Amino acid sequence: MNEKILYVRLPCNPIFPIGVVYLSDHIHKLFPDIEQKIFDLGTIPPLDFNSALYRCIDEFQPTLLIFSWRDIQIYAPVGGRGGNPLQNAFEFYYARNPLIKLRGALGGLKVTTAYYGELWRNQGLIRRGLTRARKYCPQARAVVGGGAVSVFYEQLQKQLPKGTIVSVGEGEQLLEKLLRCQDFSDERCYVVGETQPRDRMIHEQPTPLEKTACNYDYIASIWSDFDYYLQENDFYIGVQTKRGCPHNCCYCVYTVVEGKQVRINPADEVVKEMRQLYNRGIRNFWFTDAQFIPAKRFIPDAIELLQKILDSGMTDTHWASYIRADNLTPELCDLMVKTGMNYFEIGITSGSQELVRKMRMGYNLRTVLQNCRDLKTAGFNDLVSVNYSFNVIDETYDTIRQTVAYHRELERIFGADKVEPAIFFIGLQPHTHLEEYAFENNILKPGYDPMSLMPWTAKKLLWNPEPLGSFFGEVCLQAWRQNPNDFGREVMQILEDKLGCAPLEEALSAPIKQLVEV
Ligand code: B12
Ligand code: SF4
């Protein structure tokens, strides 16, 4: 059969759809004669989703539909699609004032409705899209993948049309095998109604793949709305420089979605890809790696890439990424600043070395501080976001005081106005160590639904267990009351006022007893 492939990126905030871009580029390099088209519902107003999808299918008449679903979870400490989910949840769970509790309940209802509405809408788009395509080609098939599917692939089997192929992680090899009519059952996938996802399938290692520069001339020829992302100057266009993360952080699923084996994309190819975007006017890049510098042994690769970007003459660019700040050297810091890194997230989760160890994060907080000093010396003068997730495991008043001390030290290094504490609470995800911990401690029972947003489940998934749960609930409510526009800094101040600040040395050293226990 002459395949015609339609890539449908399901509705999403306008984040560049790098997943379908890479997939279609890969398939084109292998099968240049196959006709392909990208259709991004992220650029379409919600009322037009169905009609625009139908129009596209009627015109293109695809034989294979590739649905890419990016995100499902909405726990974020910022205004989201249906309001601020964290604030609503905390008002509902922890407020003493019945009116605030009611406001939280109503807000939560709005968020919940928006959440389920989006789930059903996306499932409907897949179902209706497939039915429409079968009007023209009765054998048309659907494959579903992307970040959201990788996390919730087990739950989605009940909700997708029979025969749909559900894929976990990167999809290049699966699509290649599908198009070659080869057996694809060894890929991380299953077929709804025909096969079951294998036990711990997400933990299987993806097949390594040598990545070459994406051909953006080709992408522009199959994607009529490509320009949408080129017009505004504030889009950060995704470029992947590697896949995989070797760490084991207890709450993180990236390390299994992408696998523990780090696979570096050749620096020359990454620069070639950036150059094509640069020539189209793009100046902001997001290196979409799980971690840009996953471990010390990848420092030379990061240096090679940044040096090549600098040598290429693309000197007016900016970039951002997730960065483990324990893996920096003065040379790397210098290159980061010279190549325009202008946003930086330090994902330490806690300022207490003891807790960082318990969460299996492998960070040395003392090294992070030293590297931040090097970054400042190299001339970094932009915004630093420090991610703190309180109350993950064994938080105490002492460890909170240590986190305050650590944060104040970061402020001394970068300047208080430049360090933004981003206060998260972990949204528990399947296939993580934290999920196992929740089973072992009877917080969750195997078979729970990680996609449920019903208040009794959501309270456990939005990880903030007692005995400190109510304390953090009250602190956050006070911060939203007092200074909603600077929530993170206000939380830190309230914690310091209530509990004080530990000596920095205490934050940086994990007691020997703890080490033995770990
Ligand atoms: C980088 C990143 C970001 C960056 C994006 C920057 C940018 N400009 O692109 C930032 C920090 C902005 C971000 C934000 C958010 N993110 Co994010 N992000 C990621 C991350 C680390 C990588 C995504 C990526 O681009 N990868 C590279 C590309 C090439 O891969 P890809 O798109 O996944 O596509 C590949 C595969 O998925 C697959 N594939 C894709 N589609 C299809 C379809 C088919 C049919 C097949 C077979 C395969 C397939 O093949 C592709 C090529 O290999 C992932 C985690 C991860 N490691 O995957 C989370 C992730 C995608 N993010 C997630 C979320 C939730 C968010 C937020 C909504 C968080 C929040 N609550 O605010 C926000 C969204 C913000 C917004 N404005 O809406 C979730 C989504 C799943 C979920 N839990 O619902 C993920 C999976 C993280 C997680 N642990 O859950 N994110
Ligand atoms: S370093 Fe980052 S990506 Fe890697 S496991 Fe830890 S949190 Fe996940």
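Look a little higher up for the structure.
What counts, and at which threshold
Residues numbered from 1 in each chain as written. Chains lettered and ligands numbered in written order. Predicted model: local features only at pLDDT ≥ 70, side-chain atom pairs only at ≥ 80, totals over all residues. Heavy atoms only, no water. Helix = DSSP H or I, 4+ residues; strand = E, 2+ residues; numbered from the N terminus. Rg over C-alpha atoms; globule rule 2.2 N^0.38 Å. Areas by Shrake-Rupley, 256 points an atom, 1.4 Å probe, with all protein chains shown as cover. Lys, Arg positive; Asp, Glu negative; His and termini not counted. Charge placed at Lys NZ, Arg CZ, Asp CG, Glu CD. Pairing = 2+ DSSP bridges. Axes fitted to C-alpha atoms, helices over the stretch in contact; angles between N-to-C directions. Near = heavy atom within 4 Å. Polar contact = N/O pair within 3.5 Å; in protein donor to acceptor, adjacent residues only side chain to side chain. Nonpolar A, V, L, I, M, F, W, Y, C, P; charged D, E, K, R; others polar. Parallel < 35°, antiparallel > 145°, perpendicular 65-115°, else oblique. Left-handed = near helix turned anticlockwise from the far one by under 90°. Contact = heavy atoms within 4.5 Å. Salt bridge = Lys/Arg side-chain N within 4 Å of Asp/Glu carboxyl O. Buried < 20%, exposed > 50% of the residue type's maximum accessible area, 1.4 Å probe, protein only. Patch = residues over 30% accessible without salt bridge, like charges linked within 9 Å, V, L, I, M, F, W, Y side chains within 5 Å. Expected span 1.5 Å × (residues − 1). Core = buried A, V, L, I, M, F, W, Y, C linked by side-chain atoms within 4.5 Å.

**Brief notes about the overall build of the protein**
Here is step 1: A tally of regular secondary structure across the protein gives 21 helices and 14 strands.
Here is step 2: Relative to the globule expectation of 24 Å for 518 residues, the C-alpha radius of gyration of the protein, 23 Å, shows essentially globular dimensions.
Here is step 3: If you line up the protein on its principal axes, its C-alpha atoms span 70 × 55 × 45 Å.
Here is step 4: Surface accessibility of the protein: about 21700 Å² in total, with carbon and sulfur atoms responsible for 52%.
Here is step 5: The positive charge centre, built from 56 side chains, and the negative charge centre, built from 63, are 4 Å apart in the protein.

**Quick notes on the sheet that holds strand β13 (residues 383–389)**
Here is step 1: Within the open sheet, the six strands sit side by side as β7-β10-β11-β12-β13-β14. Their pairing is parallel. Sheet topology places β7 (237–239) and β14 (419–424) at the edges, where each strand pairs with a single neighbour. Going from strand to strand, the sheet's axes swing by 25° on average, the running direction of each strand aside.
Here is step 2: Relative to strand β10 (residues 284–287), β7 runs parallel, the two sharing three bridges. In the strand pairing of β10, valine 239 is matched with phenylalanine 287.

**Points about the site of ligand 1**
Here is step 1: In the vicinity of ligand 1, 37 residues are found, and the nearest of them are Asn13, Ser68, Ile72, Gln73 and Glu258.
Here is step 2: In the model, a nitrogen atom of ligand 1 is placed 2.9 Å from a nitrogen or oxygen of the arginine 70 side chain.
Here is step 3: Residue glycine 146 places a main-chain N or O atom 3.4 Å away from a nitrogen atom belonging to ligand 1.
Here is step 4: Among the elements of the structure, α1 (18–30), β3 (64–68), β4 (141–145) and α5 (147–156) are those that each provide at least two residues to the shell around ligand 1.
Here is step 5: By residue number, the principal contributor to the shell around ligand 1 is α1, which donates four residues.
Here is step 6: Here the residues of the shell around ligand 1 sort into 18 nonpolar, 13 polar and six charged.

**Focus: the packing of helix α2 (residues 49–60) against helix α4 (residues 98–136)**
Here is step 1: Packing of α2 against α4 brings their axes to within 10 Å, and their N-to-C directions diverge by 25°. Here α2 is positioned roughly parallel relative to α4, judged by the angle of their axes. The two elements α2 and α4 meet at a crossing, and its hand is right-handed. In contact with Phe49, Asn50, Leu53, Tyr54, Ile57 and Asp58 of α2, α4 contributes Arg121, Leu125, Arg128, Gly129, Arg132, Ala133 and Tyr136.

**Regarding the sheet that holds β4**
Here is step 1: Here six strands make up an open sheet; going across it, the order is β2-β1-β3-β4-β5-β6 and the pairing mixed. In this open sheet, the two edge strands, each paired with only one partner strand, are β2 (35–40) and β6 (189–191). Between one strand axis and the next, the sheet turns through 20° on average, direction left out of account.
Here is step 2: For β4 and strand β5 (residues 165–167), the ladder comprises two bridges, and the chain directions are parallel. Among the inter-strand pairings, valine 144 is bridged to a residue of β5, identified as valine 166.
Here is step 3: Those strands touched by α2 are β1 (4–9), β2 and β3, and its axis lies near 170° from that of β2.
Here is step 4: Packed on one face of the sheet, α4 meets β3 and β4 and runs near 165° to β3.

**Looking at the site of ligand 2**
Here is step 1: Neighbouring ligand 2 are Cys245, His247, Cys249, Cys252, Tyr254, Thr255, Ala290, Gln291 and Arg324.
Here is step 2: Of the residues in the shell around ligand 2, the class split is five nonpolar, three polar and one charged.

**Quick notes on the pattern of salt bridges**
Here is step 1: Scanning the entire structure with this criterion turns up 32 salt bridges.
Here is step 2: Here arginine 243 ties to glutamate 170 by a salt bridge, and the two come within 3.2 Å at their closest N and O atoms. One end of the pair, arginine 243, is in strand β8 (residues 242–243); the other, glutamate 170, is in the loop between β5 and α6 (172–179), with 73 residues separating them in the sequence.
Here is step 3: Arginine 243 sits in the buried class, given a relative accessible area of 9%.
Here is step 4: In this structure, arginine 280 engages aspartate 217 in a salt bridge whose closest nitrogen and oxygen atoms are separated by 2.9 Å. Highlighted residues: arginine 280 in the loop between α10 (267–279) and β10 and aspartate 217 in helix α7 (residues 216–222), separated in sequence by 63 residues.
Here is step 5: Judged by its relative accessible area of 54%, aspartate 217 falls in the exposed class.

**Examining a nonpolar patch on the surface**
Here is step 1: Together, Leu99, Leu102, Leu106 and Leu109 give the surface a local cluster of nonpolar side chains, amounting to about 440 Å² of exposed area.
Here is step 2: The topology assignment puts leucine 102 in helix α4.
Here is step 3: Judged by relative accessible area, which is 47%, leucine 102 ranks as partly exposed.

**Remarks on helix α19 (residues 487–499)**
Here is step 1: In a regular helix each residue adds 1.5 Å, so 13 residues correspond to 18 Å; α19 covers 18 Å between its end C-alpha atoms and thus fits that length.
Here is step 2: Every buried residue of α19 is accounted for by Phe487, Gly488, Glu490, Val491, Met492, Ile494, Leu495 and Leu499.

**Overview of the packing of helix α18 (residues 469–482) against α19**
Here is step 1: It is the contact of α18 with α19, at a shortest axis distance of 9 Å, that shows an interaxial angle of 125°. It follows from the interaxial angle that α18 and α19 lie oblique. Judged by the sense of rotation from one axis to the other, the crossing of α18 with α19 is right-handed. For the pair α18 and α19, contact is made by Phe471, Phe472, Val475, Cys476, Gln478, Ala479, Trp480 and Gln482 and by Phe487, Glu490, Val491, Ile494, Leu495, Lys498 and Leu499, respectively.
Here is step 2: When the residues that make up the contact of α18 with α19 are grouped by side-chain class, the tally is 11 nonpolar, two polar and two charged.

**Let's talk about the nonpolar core**
One recurring pattern in soluble globular proteins: nonpolar side chains tend to sit buried together.
Here is step 1: The biggest cluster of nonpolar side chains holds 125 residues, and the ones touching the most others in it are Phe90, Met336, Ile346 and Leu410.
Here is step 2: Top element by residues in this core is α18. It accounts for seven residues.
Here is step 3: Apart from residues lying up to four places away in sequence, phenylalanine 90 is in contact with Ala95, Phe425, Leu462, Asn464, Phe472, Gly473, Cys476, Leu477 and Trp480.
Here is step 4: In terms of nonpolar packing, the next biggest core, distinct from the first, is built from 46 residues, Trp69, Leu119, Tyr153 and Val257 among them.

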